[in-house]
Amino acid sequence: MYKKANEEEEFEKKIKDIEKNGEKEEKKVSNKGNGKGLYVKGLDNLLIKTAKCCNPVPGDEIIGYITQGNGISVHRTNCLNVSKLMQEHNRLIDVYWSDNTTENYAVEIEILAVNTNDILKNVIQIIEKSKSSLLGVEANVNKQKLAVIKVKIIVKDYEELNKIMNSLKSAENVLEINRKRG
């Protein structure tokens, strides 16, 4: 009798272990993502790409659009193209940011400032202090004689981007700062 009860207890323990391992395995697979920090719950091995029109970063609110032959294109919910995509609501899919992404993301920021001799230098110094990589800079003067500076930087997530944008906003002579919406 003892042997039988002990065997049943061990059998139940093994079943619970298998169930636990199965749950862990399922979580791993469903959150594996695509190497870019994106995943669709319950689906694996999908082609998921961030849309170049709006360059989403972890922390942004996003939506996935099922393309024809090019996988899922991920847009920020405030992207200008999303209203057009919403017309085909049957092709929209929930996409999520993975918690453990190590990917970096390119983001474009436009700065409107008083055109002073050192405004461009100040903007670049702020970005350097943030330890973010600067990919490109374009500076012009508009019809109102204001400096329009477009910078492309590399960030790891929305939090880092927000810190940089706040630093730029507080810089002397900066009037406005916007992230490219696409």
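Cut-off values and rules
Residues numbered from 1 in each chain as written. Predicted model: local features only at pLDDT ≥ 70, side-chain atom pairs only at ≥ 80, totals over all residues. Heavy atoms only, no water. Phe/Tyr/Trp six-rings, centres within 6.5 Å; stacked < 30°, edge-to-face > 60°. Helix = DSSP H or I, 4+ residues; strand = E, 2+ residues; numbered from the N terminus. Buried < 20%, exposed > 50% of the residue type's maximum accessible area, 1.4 Å probe, protein only. Lys NZ or Arg CZ within 6 Å of the ring centre and 35° of its normal. Contact = heavy atoms within 4.5 Å. Polar contact = N/O pair within 3.5 Å; in protein donor to acceptor, adjacent residues only side chain to side chain. Core = buried A, V, L, I, M, F, W, Y, C linked by side-chain atoms within 4.5 Å.

(A) Fine view of the packing of aromatic side chains. Applying the stated rule across the entire model yields two aromatic pairs. With 5.8 Å between their ring centres and 35° between their planes, Tyr 39 and Tyr 96 make a pair best called tilted. Residue Tyr 39 is found in strand 1 (residues 38-39), and its partner Tyr 96 is found in strand 6 (residues 96-97); the two are separated by 57 residues along the sequence. For Tyr 96, a relative accessible area of 29% corresponds to the partly exposed category. Between Trp 97 and Tyr 105, the aromatic rings sit 5.7 Å apart at their centres with planes inclined by 85°, giving edge-to-face as the arrangement. The same class applies to Trp 97 and to Tyr 105, which are both buried. A cation over an aromatic ring shows up here: Lys 41 above the ring of Tyr 96, its NZ or CZ 4.8 Å from the ring centre.

(B) Molecular detail of the environment of Asp 157. For Asp 157, the location among the structural elements is in the loop between strand 9 (146-155) and helix 4 (158-169). Taking C-alpha positions, Asp 157 is 8.9 Å from Glu 103, a pair spaced 54 residues apart along the chain. Not counting residues up to four positions away in its chain, the partners in contact with Asp 157 are Val 57 and Pro 58. There is a polar contact of 3.2 Å between the side chain of Asp 157 and the backbone nitrogen of Glu 159.

(C) Just the nonpolar core, in detail. With 31 residues, the main nonpolar core has Val 95, Ile 109, Ile 111, Val 151, Ile 153, Leu 161 and Leu 168 as its most contacted residues. The set of elements that each furnish at least two residues to this core consists of strand 4 (72-76), strand 7 (105-114), helix 3 (119-129), strand 9, helix 4 and strand 10 (174-179). Beyond its immediate stretch of four places on either side in the chain, Val 151 contacts Val 107, Glu 108, Ile 109, Ile 111, Val 123, Ile 127, Leu 134, Gly 136 and Val 137. Judged by nonpolar contacts, the second largest core, of eight residues, contains Ala 51, Cys 54, Cys 79 and Val 82.

Remember that the coordinates give geometry; whether it matters functionally is a separate question.
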